[in-house]
Amino acid sequence: MKFVDNCIETDRIFYKRLFRTAVPVILQSLITTGVNLMDNIMLGQLTETALGASTQANQFISLFTFAIMGISMGSSVLSSRFYGAGDSKSLKKIITIALRFGLILGAVFTLANVLFPEQIMSLYIKKGETSFIEAGVTYLRWSTATYLLMSVSFVCTNILRSAGMTHVPLIASICAFGVNVGANYVFIFGKLGMPALGVAGAALGTVLARIVETTILLVYFFRDKKIHYRPRDILLPCGDLVGDFVRISVPVMLSDTLLGLGDSVLAIIMGQIGASFVSANSITMVVQRVSTIFITGLAFSSCFLTGQVLGERRIQAARKQGYTYLFLGLVIGAAASVIIQLISGPVVNAYKISDETKDIAFSLMNAVSVIIIFRSSNSILTKGVLRGGGDTKFLLAADMSTMWLIAVPLGALAGLVLHLHAFWIYIFLHSDQIIKAIWCIFRLKSGKWIKKVKGLDL
């Protein structure tokens, strides 16, 4: 009973608040994962080249996703505090700073995508796999518009979530899902009189979906009366909060960007192992996304709610709720591990792949079911509670040291030097999840993760 009293939140209001925030985020993640699953299944009906090339091309787009997510989530740490404190003027300034940073970042990636697509794909595909590289270049070229669209949509999404308006991004994602699936079917296979574009069709479908999603978000964002942000506010002077943004948000951006870069390096290692490993990993990536849907929703919600609770100056409540989030994350992780084992057979057998690729895919599924338990507790702390408390410098150090000093060298050793079994290659590639999960639990216990923000005394 003492453990429950000290570490588990029993207030029904807390769970109602969590439910209202987490469910729309979970549903939105489910929709996003559904889009990725449909992309994979449709491209998997063509060739392994189409499937593997699009997955590897998406690694570069994912690198941008990590970076823009870092900006948007970092800004939401501050926006949730100011929203909880009722400081609308500071809230507007944080939105302005985040949009400016996001658009600059989107422009940089757009330029790289236009000028260096061949060089980018050469990093992710083994030398000599010409058809893979060409298909990946095609995907990147058709995806050029996605970076600036994502810059705006990600910032708007997480600001709205931090203010408790999670239903708006959900509605936008539902509409984008319909557009994406429909456009993919039409343009990949050449239906309704359209040409069969294959890999290019998948990229085009995603871009069209992003346009719809961003448009819906902007229309609501600029008409909302709670946040009351208007287009003219992009010119708002906000120098007084740049320091707090840099101190709290920039470490999140760096952390997520370097994690994305680390994932890209891991993808490069997989690409050098061989085409069969790449295709098998493409299949498991969809299952990973499905398995982390609930934990992602819980992690994001815990970040926003922790920020709001601290903005309300309820320090002890934030500490207790932090343990509650961790406990829920462990339960969800264990459940996800079981589900992966149950669905791995039907998922792998749904693809038209070689026997070698199929064997590797099953081995990777087994490894995913182990790592997911650690990933769940890790995500709930790094992307949720500790981030919501403003402990972004610690998280930057934890992310970088475990990724670059543990996962990358061990993964390269296992896959490129020792040529271990696929199961162990995957375990070593993601060994940072294990170390970081344990480290962050001790950080949660210390209480040092709760940081002050200018103008908001704790």
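Above this text sits the structure in question.
Residues numbered from 1 in each chain as written. Predicted model: local features only at pLDDT ≥ 70, side-chain atom pairs only at ≥ 80, totals over all residues. Heavy atoms only, no water.

Draft legend 1. Structural detail: the overall build of the protein. Along its length, the protein carries 17 helices and zero strands. Computed over the C-alpha atoms, the radius of gyration of the protein is 21 Å, within 12% of the 23 Å expected from 2.2 N^0.38 for a compact globule of 458 residues. Dimensions of the protein, computed from C-alpha atoms along their principal axes, come out at roughly 60 × 50 × 35 Å. Residue burial in the protein is summarised as follows: out of 458 residues, 58% are buried. Contacts in the protein between residues at least 24 apart in sequence constitute 84% of all its contacts with a sequence separation of at least 6. With an accessible surface of roughly 18200 Å², the protein has 68% of that area assigned to carbon and sulfur atoms. Taken together, the 40 basic and 24 acidic charged side chains of the protein have centroids lying 9 Å from each other. (Helix = DSSP H or I, 4+ residues; strand = E, 2+ residues; numbered from the N terminus. Rg over C-alpha atoms; globule rule 2.2 N^0.38 Å. Buried < 20%, exposed > 50% of the residue type's maximum accessible area, 1.4 Å probe, protein only. Contact = heavy atoms within 4.5 Å. Areas by Shrake-Rupley, 256 points an atom, 1.4 Å probe, with all protein chains shown as cover. Lys, Arg positive; Asp, Glu negative; His and termini not counted. Charge placed at Lys NZ, Arg CZ, Asp CG, Glu CD.)

Draft legend 2. Quick look at the environment of glycine 297. Considering the arrangement of structural elements, one finds glycine 297 in helix H12 (residues 293–311). Taking relative accessible area as the criterion, glycine 297 reaches 0% and is therefore assigned buried. When the C-alpha atoms of glycine 297 and proline 169 are compared, they prove to be 13 Å apart, with 128 residues separating the residues in sequence. Sequence-distant contacts of glycine 297, defined by excluding residues within four places in its chain, comprise Ala22, Val25 and Ile26.

Draft legend 3. Structural detail: the packing of helix H13 (residues 315–349) against helix H14 (residues 355–388). Viewed as axis vectors pointing N to C, H13 and H14 meet at an angle of 165 degrees, and their least axial separation amounts to 8 Å. When the axes of H13 and H14 are compared, the pair comes out roughly antiparallel. Seen from above, H13 lies across H14 with right-handed handedness. (Axes fitted to C-alpha atoms, helices over the stretch in contact; angles between N-to-C directions. Parallel < 35°, antiparallel > 145°, perpendicular 65-115°, else oblique. Left-handed = near helix turned anticlockwise from the far one by under 90°.)

Draft legend 4. Fine view of the state of the cysteines. Tallying each qualifying case throughout the model produces zero disulfides. Summary of cysteine pairing: cysteine 175 is not part of a disulfide, and the nearest cysteine sulfur, belonging to cysteine 156, is at 16 Å. Cysteine 175 gets classed as partly exposed once you look at its relative accessible area, which sits at 34%. Between cysteine 303, a free cysteine, and cysteine 440, which holds the nearest cysteine sulfur, the sulfur-to-sulfur gap is 14 Å. The class of cysteine 303 is buried, set by a relative accessible area of 0%. (Disulfide = S-S within 2.5 Å.)

Draft legend 5. Inspection of the nonpolar core at higher detail. Phe60, Ile95, Leu140, Phe221 and Ile227 are the most contacted members of the largest nonpolar core, which totals 67 residues. Apart from the residues lying within four places of it in its own chain, the contact partners of isoleucine 95 are Ile159, Phe221, Ile227 and Tyr229. Counting 34 residues, the second-largest nonpolar core is a separate cluster that includes Ile269, Val368, Met403 and Ile425. (Core = buried A, V, L, I, M, F, W, Y, C linked by side-chain atoms within 4.5 Å.)

Draft legend 6. Spotlight on unusual backbone geometry. Of note in this structure, leucine 192 is not a glycine but carries a positive phi near 55 degrees. Structurally, the position occupied by leucine 192 is in the loop between helix H8 (167–189) and helix H9 (199–221). For leucine 192, a relative accessible area of 77% puts it in the exposed group. Despite not being glycine, histidine 419 shows a phi value in the positive range, around 50 degrees. With respect to the element layout, histidine 419 can be found in the loop between helix H15 (392–417) and helix H16 (422–429). On the accessibility criterion, histidine 419 (58% relative accessible area) is exposed.

Draft legend 7. The arrangement of the environment of aspartate 256 in detail. Within the secondary structure layout, aspartate 256 lies in helix H10 (residues 239–273). A sequence separation of 80 residues divides aspartate 256 from alanine 336, and the C-alpha atoms of the two residues are 24 Å apart. Setting aside chain neighbours within four positions, we find aspartate 256 in contact with Phe66, Met69, Gly70, Lys383 and Arg387.

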